Amino acid sequence: MANPSRQAVNFAAPRGFATAFKADCKETFFPDDPFHEMKHEKPLNKLKKTIQYFIPLFEWLPNYNLSLFRYDLLAGITITSLAIPQGISYAKLANIPPIYGLYSSFIPPFVYAIFGSSKHLAVGTVAACSLLLSETVGAKASPQDDPTLYLHLIFTATFFTGIFQTALGFLRLGILVDFLSHSTITGFMGGTAIIICLQQLKGMLGLIHFTTHTDVVSVLGAVFRRRNEWRWESAVVGIIFLAFLQFTRYLRQKRPKLFWVSAIAPMVVVVVGCLFAFFAHAEKHGIQIVGELKKGLNPPSIQYLNFDPQYLPVTVRAGLITGLIAMAEGIAIGRSFAIMKSEQTDGNKEMIAFGFMNIIGSFTSCYLTTGIYILLDATIYEEYSDIFFLIFEFAGPFSKTAVNFNAGCRTAMSNVVMGFCMMLTLLFLAPLFRYTPLVALSAIIMSAMLGLINYDEMIHLFKVDKFDFVICMAAFLGVSFISMDVGLMLSVGLALLRALLYVARPAACKLGKIPNSSLYRDTEQYPGSTPIQGVLVLQLGSPIYFANSTYIRERVLRYIKEEQGVSDSKTEIIEHLLLDLSGVSSIDMTGIETFLELRRILDSKGIKLSIVNPRIEVLEKMTLAKFTDAIGKESFYLSIEDAVQNCRFSLHSSKTTMEESLNDQNVV
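The rules behind these values
Residues numbered from 1 in each chain as written. Predicted model: local features only at pLDDT ≥ 70, side-chain atom pairs only at ≥ 80, totals over all residues. Heavy atoms only, no water. Phe/Tyr/Trp six-rings, centres within 6.5 Å; stacked < 30°, edge-to-face > 60°. Helix = DSSP H or I, 4+ residues; strand = E, 2+ residues; numbered from the N terminus. Buried < 20%, exposed > 50% of the residue type's maximum accessible area, 1.4 Å probe, protein only. Lys NZ or Arg CZ within 6 Å of the ring centre and 35° of its normal. Contact = heavy atoms within 4.5 Å. Core = buried A, V, L, I, M, F, W, Y, C linked by side-chain atoms within 4.5 Å. Pairing = 2+ DSSP bridges. Lys, Arg positive; Asp, Glu negative; His and termini not counted. Salt bridge = Lys/Arg side-chain N within 4 Å of Asp/Glu carboxyl O. Polar contact = N/O pair within 3.5 Å; in protein donor to acceptor, adjacent residues only side chain to side chain.

Draft legend 1. Representation of the packing of aromatic side chains in the model. This model, assessed by the stated rule, comprises 18 aromatic pairs. Judged by centre distance (6.0 Å) and plane angle (20°), the rings of Tyr112 and Phe354 are stacked. Of the two residues, Tyr112 is situated in helix α6 (residues 107–115) and Phe354 in helix α15 (residues 347–363); the sequence distance between them amounts to 242 residues. Of the two residues examined, Tyr112 and Phe354, each falls in the buried class. Grouped by ring-pair contacts, the aromatic residues Phe159, Phe160, Phe307 and Phe363 constitute a single cluster. A cation over a ring is seen here: Lys466 above Phe462, with NZ or CZ 4.7 Å from the ring centre. Across from the ring centre of Tyr559, 3.8 Å away, lies the NZ or CZ of Arg555, which sits over that ring.

What follows is the structure, encoded as structure tokens:
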């Protein structure tokens, strides 16, 4: 007899394959539903908005005016002053001529202004990818022995980076970036900062010969083996520059309104270093300088792309790894500031923009670029200064400086201004930087990297989650003592292993009723909750697949044994098992077969199986597999309360029937 107050479960006909597949694809690849606003538009307006979506330039340019330009002009000039010294620095880090660092800050900003969706992001070269390219490509072609081949392979790796990023963007596979967890980024960032700082000992000490390896042991070994090349003059100048840069960082933290001092500090170091090297004839005292920088804009390089099968594996590998790191960094920075401004940044559109930047850049003598700066509004900065320090030093790993100031950036036009300023630099000012001391560039890089070793965050991970700490340390130690790509793969591998463990060993808990309410909660979390006599309520909290179905069956049976006290007891305490599937998003055929097997085992024990609140995807699979017919639609419930009430009603009816049977026997 059914409980009359029971709410009916909706056993609607399962959706067609096309409908379900379309819904799954939309949720996977278009979770932000970017075309929702165009649904009811006229065809012409829909076409216009589609073009604006894929080419954001057409969205903001028609409404652009001079009042906005004055803000973007200041922003563009500011980021140019940062891009010049650090473009030269990171080109040296990549073991390519310094002029290519300037080239890489000319063409890409124009490309990003057209295709980029963030109006607060500026683009340029980054330290981690520069070193990673040097390490990966340098293993196949020596930048010292064959610099021409090495440079051509760098362009080719940049091309493959662009192809990889663009493909992921068009295929809406931005979810791949999510596999770089917070712990992985923290460890990778810290390890990279360590090896980049150690690499700069070459410039700080004025060494001529150095190792091509990046691990800590090799670098320190090379430094101490070359003690005869150490120049105290270079070390003194480097320490002075580094102390000045660190002082400006300290000043920024103590007095946020003076953050512009830290912003212009790298350019001050370069200018002062150039003047010092020119008037003091620094070369004669063992202080190396950048050397000749030719005037002129980017020469074409498409003809230098090298697809020789001998070198193809290394360029593809370098492109994929650096592309992933560059995407993660650029998207993280853009999203961080978008959150502050209550705006939305599309990671897939950003990947397309980064991809086009690198494809076109590889054709025009540029090497890998990505998002590097957050362009700040002055009033927003003051309000969220503490949060921005965190973004600059953590969420924006390997950025060119800790702070990039502007007086109120409004649109992506700031990147256009940066491009024009860099064009003027290449046409007229580039030769002036030939006197830049290498030790000054080393000091700039070391200053930027020192703030990226986040000890506090590592300690926090250790306190909160030991496995997260292990993932972080795998990246940190792997990058520091083996290589950057191996460290990254070790950390990502551990993170994926953890995810697989979550899938293979899903969460399950026993529910009890909270007194004086209709709520059912985990009895371990809420000890005051009361169990229901004769009824065991279990909640499953993950998809049920072939990988975890056996575990789920064994875990459910173990709950029953624990509830009954003794596994071979003849007294069956449990008469009803309720499985709450509200947290189960999907199920496969192995999972359904497991439920059928579980039902047969429970039937042998005299226990009735019931299902509570299955989601539409799960219920559809169960209906198509005839599972609902096998256990009966009356065994499905809309809520735990309905199921418990019906079970109590059933228990009461069963008890009444048993008592009547005993009375009849006594009469006889």
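Draft legend 2. Representation of α6 in the model. Counting buried positions over the nine residues of α6 gives seven, a clear majority of the element. Among all positions of α6, only Ile107, Pro108, Pro109, Val111, Tyr112, Ala113 and Phe115 are buried. Where α6 is buried, its residues touch α2 (43–54), α3 (57–60), α5 (99–103), β1 (121–124), α15 and α18 (413–429).

Draft legend 3. Structural view of the nonpolar core. If you look at the biggest cluster of nonpolar residues, it comprises 111 residues, and the most contacted ones within it are Ile88, Tyr90, Ile96, Ile99, Tyr367, Met449 and Met484. Setting aside residues up to four positions removed in sequence, Ile99 forms contacts with Leu293, Lys294, Leu426 and Ala430. Counting residues in each nonpolar core, the second largest holds 30 residues, with Ile560, Leu579, Leu596 and Ile607 among its members.

Draft legend 4. Structural view of the sheet that holds strand β7 (residues 608–612). Pairing within the open sheet is mixed, and its six strands lie in the order β4-β3-β5-β6-β7-β8. Taken across any chain shown, the strands that pair with only one partner, and hence form the sheet edges, are β4 (520–522) and β8 (636–637).

Draft legend 5. Expanded view of the side chain of Asp522. Position of Asp522 relative to the elements: it lies in strand β4. Of the buried charged residues, Asp522 lacks a salt bridge, with Lys510 as the closest side chain of opposite charge at 8.3 Å. A distance of 3.0 Å separates a polar atom in the side chain of Asp522 from the backbone nitrogen of Glu524. Ignoring sequence-local partners within four residues, the contact set of Asp522 consists of Cys509, Lys510, Leu511 and Ser529.

Draft legend 6. How the structure looks around the pairing of strand β5 (residues 535–540). Most of β5 is tucked away, with five of its six residues classed as buried. Both β5 and strand β6 (residues 576–580) contribute to a ladder of five bridges, which runs parallel. For Val535, the partnering residue across the bridge sits in β6 and is His576.

Note that all results are geometric; they support no functional claim without further evidence.
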